[in-house]
Amino acid sequence: MIRFDQVNKWYGAYHALVDVTEHIAQGEVVVVCGPSGSGKSTLIRTLNRLEAIGSGTISINGEDIHRRGLDVNAFRSRIGFLFQQFNLFPHLTAIENCTLAPVHLRRLTPAAAREASMALLDRVGLAHKADAYPAELSGGQQQRVAIARALAMEPPLMLFDEPTSALDPEMVGEVLLVMRALAKDGMTMVCVTHEMGFAREVADRVLFMDHGKVLERATPEAFFNRPQHPRAQQFLSDIRTPFAQPA
Amino acid sequence: MTELIQTYWVYFLIGQYPNGPLGGLALTVLLAALALVLALPLGVVLGLARISPFRVVRWPVTAIVYVVRGVPLLMVIFWAYFFLPSVTGHKTDQFSTMLIALVLFDGVYLAEIVRAGILGIPKGQAECARSLGLGYWRTMRLVILPQALRHMLPSLVNQFVATIKETSLGYIIGLTEVSFIAAQINTQVFTRATEVYGLLALTYFVLCFGLSRVAHGLERRLTRRSPVRPASASPTLQSQQASA
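Conventions and cut-offs
- Residues numbered from 1 in each chain as written.
- Chains lettered and ligands numbered in written order.
- Predicted model: local features only at pLDDT ≥ 70, side-chain atom pairs only at ≥ 80, totals over all residues.
- Heavy atoms only, no water.
- Helix = DSSP H or I, 4+ residues; strand = E, 2+ residues; numbered from the N terminus.
- Rg over C-alpha atoms; globule rule 2.2 N^0.38 Å.
- Contact = heavy atoms within 4.5 Å.
- Areas by Shrake-Rupley, 256 points an atom, 1.4 Å probe, with all protein chains shown as cover.
- Salt bridge = Lys/Arg side-chain N within 4 Å of Asp/Glu carboxyl O.
- Buried < 20%, exposed > 50% of the residue type's maximum accessible area, 1.4 Å probe, protein only.
- Polar contact = N/O pair within 3.5 Å; in protein donor to acceptor, adjacent residues only side chain to side chain.
- pLDDT = per-residue confidence, 0-100.
- Phe/Tyr/Trp six-rings, centres within 6.5 Å; stacked < 30°, edge-to-face > 60°.
- Lys NZ or Arg CZ within 6 Å of the ring centre and 35° of its normal.
- Core = buried A, V, L, I, M, F, W, Y, C linked by side-chain atoms within 4.5 Å.
- Pairing = 2+ DSSP bridges.
- Axes fitted to C-alpha atoms, helices over the stretch in contact; angles between N-to-C directions.
- Patch = residues over 30% accessible without salt bridge, like charges linked within 9 Å, V, L, I, M, F, W, Y side chains within 5 Å.

Visitor: Explain the overall build of chain B to me, please; I cannot follow it from the model alone.
Guide: Scanning chain B from N- to C-terminus turns up 10 helices and 0 strands. For chain B, the N- to C-terminal ordering of α and β elements is α-α-α-α-α-α-α-α-α-α. Computed over its C-alpha atoms, the radius of gyration of chain B comes to 22 Å, more than 25% above the 18 Å expected for a compact globule of 244 residues. C-alpha atoms of chain B, sized along the principal axes, occupy 75 × 45 × 30 Å. Long-range contacts, defined as pairs at least 24 residues apart, comprise 71% of the intrachain contacts of chain B with a sequence gap of at least 6. Summed over its atoms, the accessible surface of chain B is roughly 12,900 Å², and 68% of this surface lies on carbon and sulfur atoms.

Visitor: Just checking my understanding: could you explain the pattern of salt bridges for this structure?
Guide: A pair can form between side chains of opposite charge whenever their charged atoms are brought close. All names here are of chain A. Following the criterion strictly, the structure yields 19 salt bridges over all chains and no others. Close ionic contact of Glu-22 with Arg-217 constitutes a salt bridge, the shortest N to O distance being 2.7 Å. Taken together, the residues Glu-22 in strand S2 (residues 14–24) and Arg-217 in strand S10 (residues 213–218) connect sequence positions 195 residues apart. A residue is classified by how much of its surface remains accessible, and Glu-22, at 6% relative accessible area, is buried. Between Arg-45 and Glu-51 there is a salt bridge, with the nearest N and O atoms lying 3.1 Å from each other.

Visitor: What exactly am I supposed to notice about helix H8 (residues 178–188) of chain B here?
Guide: Counting along an α-helix, one turn takes 3.6 residues, and residues three or four places apart therefore face a common direction. Residue and element names in this part refer to chain B. Across the 11 residues that make up H8, a large majority, 8, are buried. Of the positions making up H8, those classed as buried are Val-178, Ser-179, Phe-180, Ile-181, Ala-182, Ala-183, Ile-185 and Asn-186. Between a side-chain oxygen at the N-terminus of H8 and the backbone nitrogen of Ser-179 the separation is 3.1 Å; the capping residue is Glu-177.

Visitor: Is there a simple way to think about the side chain of Glu-162 of chain A in this case?
Guide: Looking at the secondary structure, you find Glu-162 of chain A in the loop between strand S7 (157–161) and helix H6 (169–184). Excluding its chain neighbours within four sequence positions, the residues that come into contact with Glu-162 of chain A are Lys-40, Ser-41, Gln-84, Val-192 and His-194 of chain A.

Visitor: Mind showing me how you'd approach the confidence of the model for chain B here?
Guide: Caution applies to low-pLDDT regions: their predicted coordinates should not be interpreted in detail. Mean pLDDT over chain B stands at 88; residues scoring 70 or higher make up 92%. This stretch, residues 230–244 of chain B, has a pLDDT under 50; its non-local contacts, to residues over four places away or in other chains, come to 23 contacts.

Visitor: Looking at this structure, how should I read the environment of Met-1 of chain B?
Guide: All names here are of chain B. Summarising the element assignment, Met-1 is placed in the segment before helix H1 (2–14). Note: C-alpha distance between Met-1 and Ala-126 (125 residues apart in sequence) is 59 Å. For Met-1, the residues in contact, after removing those within four places along its chain, are Arg-192, Glu-195 and Leu-199.

Visitor: Even after reading the chapter, I still don't get the packing of aromatic side chains, so can you show me in this structure?
Guide: Aromatic ring pairs: the centre-centre distance and the angle between the two ring planes describe each pair. Taken as a whole, this structure holds 10 aromatic pairs over all chains when the rule is applied. Summarising the aromatic geometry, the rings of Tyr-136 of chain B and Trp-137 of chain B are spaced 5.1 Å apart at their centres and angled 85° between planes, so their arrangement reads as edge-to-face. We classify Trp-137 of chain B as exposed; its relative accessible area is 61%. An aromatic cluster of three or more residues is present, and its members are Phe-208, Phe-223, Phe-224 and Phe-235 of chain A. Cation over ring: Arg-149 of chain A sits above Phe-89 of chain A, and NZ or CZ is 4.6 Å from the ring centre. Positioned above the aromatic ring of Tyr-66 of chain B is the side chain of Arg-69 of chain B, whose terminal nitrogen or guanidinium carbon lies 4.9 Å from the ring centre.

Visitor: I keep staring at the nonpolar core and nothing clicks. Help me out?
Guide: Note that soluble globular proteins tend to have their nonpolar side chains buried in a common cluster. Counting residues in each nonpolar core, the largest one holds 58 residues, and the members touching the most others are Ile-2, Phe-4, Ile-60 and Val-190 of chain A. Ranked by residue count, the leading element in this core is helix H7 (residues 136–166) of chain B, at 10 residues. If we skip the residues at most four places from it in the chain, Phe-4 of chain A touches Val-20, Thr-21, Glu-22, Ile-24, Leu-43, Thr-46, Leu-47, Thr-57 and Ile-58 of chain A. In this structure, Phe-86, Leu-126, Leu-167 and Val-206 of chain A belong to the second largest nonpolar core, which totals 52 residues.

Visitor: Sorry if this is basic, but what is going on with the sheet that holds strand S6 (residues 79–82) of chain A here?
Guide: Whenever strands of a sheet pair, they do so through backbone hydrogen bonds, lying parallel or antiparallel. All names here are of chain A. Strand order in the open sheet made by the 6 strands is S6-S7-S8-S3-S9-S10, with mixed pairing throughout. The open sheet has two free edges, formed respectively by S6 and S10, since each of these has just one partner strand. Direction aside, neighbouring strands of the sheet carry axes that sit 15° apart on average. Note: S6 against S7, 4 bridges, orientation parallel. By the bridge assignment, Leu-82 is partnered in S7 with Phe-160. Docked against the sheet, helix H5 (residues 139–151) engages S6 and S7, running at close to 165° with respect to S6.

Visitor: Explanation requested: the side chain of Glu-177 of chain B in the structure shown.
Guide: Relative to the helices and strands, Glu-177 of chain B is located in the loop between H7 and H8. The residues contacting Glu-177 of chain B, other than those within four sequence positions of it, are Gly-24, Leu-27, Thr-28, Thr-167, Ser-168, Gly-170, Tyr-171 and Tyr-204 of chain B.

Visitor: What is the right way to look at the environment of Trp-9 of chain B in this model?
Guide: Tracing the sequence through the fold places Trp-9 of chain B in helix H1. When the C-alpha positions of Trp-9 of chain B and Gly-89 of chain B are compared, they lie 38 Å apart, and in sequence the two are 80 residues distant.

Visitor: Help me understand a nonpolar patch on the surface in this model?
Guide: Residues and elements named next belong to chain B. A cluster of nonpolar side chains, Met-1, Ile-5, Trp-9, Val-10 and Leu-13, forms an exposed patch at the surface whose accessible area comes to about 450 Å². Mapped onto the elements, Leu-13 comes out in helix H1. The exposure class of Leu-13 is partly exposed, given its relative accessible area of 33%.

Visitor: For this particular structure, what's the right way to read the pairing of strand S1 (residues 2–11) of chain A?
Guide: Residues in a regular strand project their side chains so that they alternate between the two faces of the sheet. Residue and element names in this part refer to chain A. Where S1 lies against S2, 7 bridges are found, and the strand directions are antiparallel. Bridge pairing in S2 places Trp-10 opposite His-15. Hairpin connection from S1 to S2: 2 residues lie between these consecutive antiparallel strands, with Gly-12 at a positive phi of about 60°. The pairing of S1 with strand S4 (residues 55–60) spans 5 bridges and is antiparallel. Paired with Asn-8 across the bridge in S4 is Ser-55.

Visitor: Just to check I follow, could you spell out unusual backbone geometry for this structure?
Guide: Note that the residue after Tyr-17 of chain B, namely Pro-18 of chain B, is joined by a cis bond; omega there is 5°. Mapped onto the secondary structure, Pro-18 of chain B falls in the loop between H1 and helix H2 (24–50). The phi dihedral of Asn-87 of chain A is positive, around 55°, even though this residue is not glycine. The exposure class assigned to Asn-87 of chain A is buried, which follows from its relative accessible area of 5%. At Glu-162 of chain A, a residue that is not glycine, the phi angle is positive and equals roughly 45°. Taking relative accessible area as the criterion, Glu-162 of chain A reaches 11% and is therefore assigned buried.

And the structure:
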């Protein structure tokens, strides 16, 4: 479904993505992890053209998505993107956040869009908050509304850029629960996340990145129990024993 | 005082109308209202142009903003009054001249308010709208401007109040707005300047104060509808720590 071929990206002299070649299959759940500044957010943002690439190609279902002349808006409307900061529109209620894009882009009538969005809010457990403004919702609730909003365009692919990193610890679970349900329903998902429990349980594959390179690709079982690359071993030991003295 | 008001109140309110052109307070209100209604869309367009990614759009508008902002309104009025007829070939009446000058002058100031208002919205809002597949214009119209205009409201009111007061400069080109009429009355009863100009000041104050109160009420209603600021404001600190 998604194919990265020799993708490179530079920010000035800084080499943010280095020769990334990767394939992600339909229905696969891929977790991308790695230390801060490793290029994992950049990688996921190139997938819906929030970031341009310097060289190489990225294709989805055989179509080069960074070519000139691509209808970017139509293309983006087929991909759900979740941000670390939720980015709900604060001047609209939860349900209005969900219906905005379908009404304007899929030409749904407001009534039809509302009905569909209510079902989605129900799916993320927030039907009762439909008429609440974002400021009246907790972080976890906001992120769940954001998931419902992304699903309202019925995308075949969902991208998550550290969706739980801005949340208080007690709210992480409710968001991961919704994401796990999505994965079980067969959604193709690429998640940048630090939630190793989620990766272990839900992911089909883990990509480990550092300095813009994909250093390791493995099943969660193999990655967590037998990491091959020294940098991955170091990373896993760091997150398991955060107070250990550096050697 | 009462005698003064009794004699001149109709003249003060509508000038020589219906035996002559409309003037007085009615003309001032009409001029100010038209200027506001026309200057705001111009301000939004110029403001958007100021932050356009395209240089061909950004540079000329930036130049206009700097030039107009760098001269007094009086100069703009003189230009409109003397320069415009020499270009168009026929004489523009004082009302249109004043209106054009006001719309251009205030449009430029509003553009800067709009620009600041848009830049004040977190970048994630536009990114997110674009990610949903909304184009540039829809993103602006549906997501960015509704939020930005709300934050801009106090500055907008400031500029609108200034516009009302600026209509008095029409006096200089013989526009029979309320200040001009007051000066006329003053020459007719020239021993009572304090009262005449006191009443004139009071009139402007009532207009401006009224507008401020309406805006204040509007602001409160908007705040009630969706409390607090952008939803992403609070977790910023955490995210900085997380990405540090």
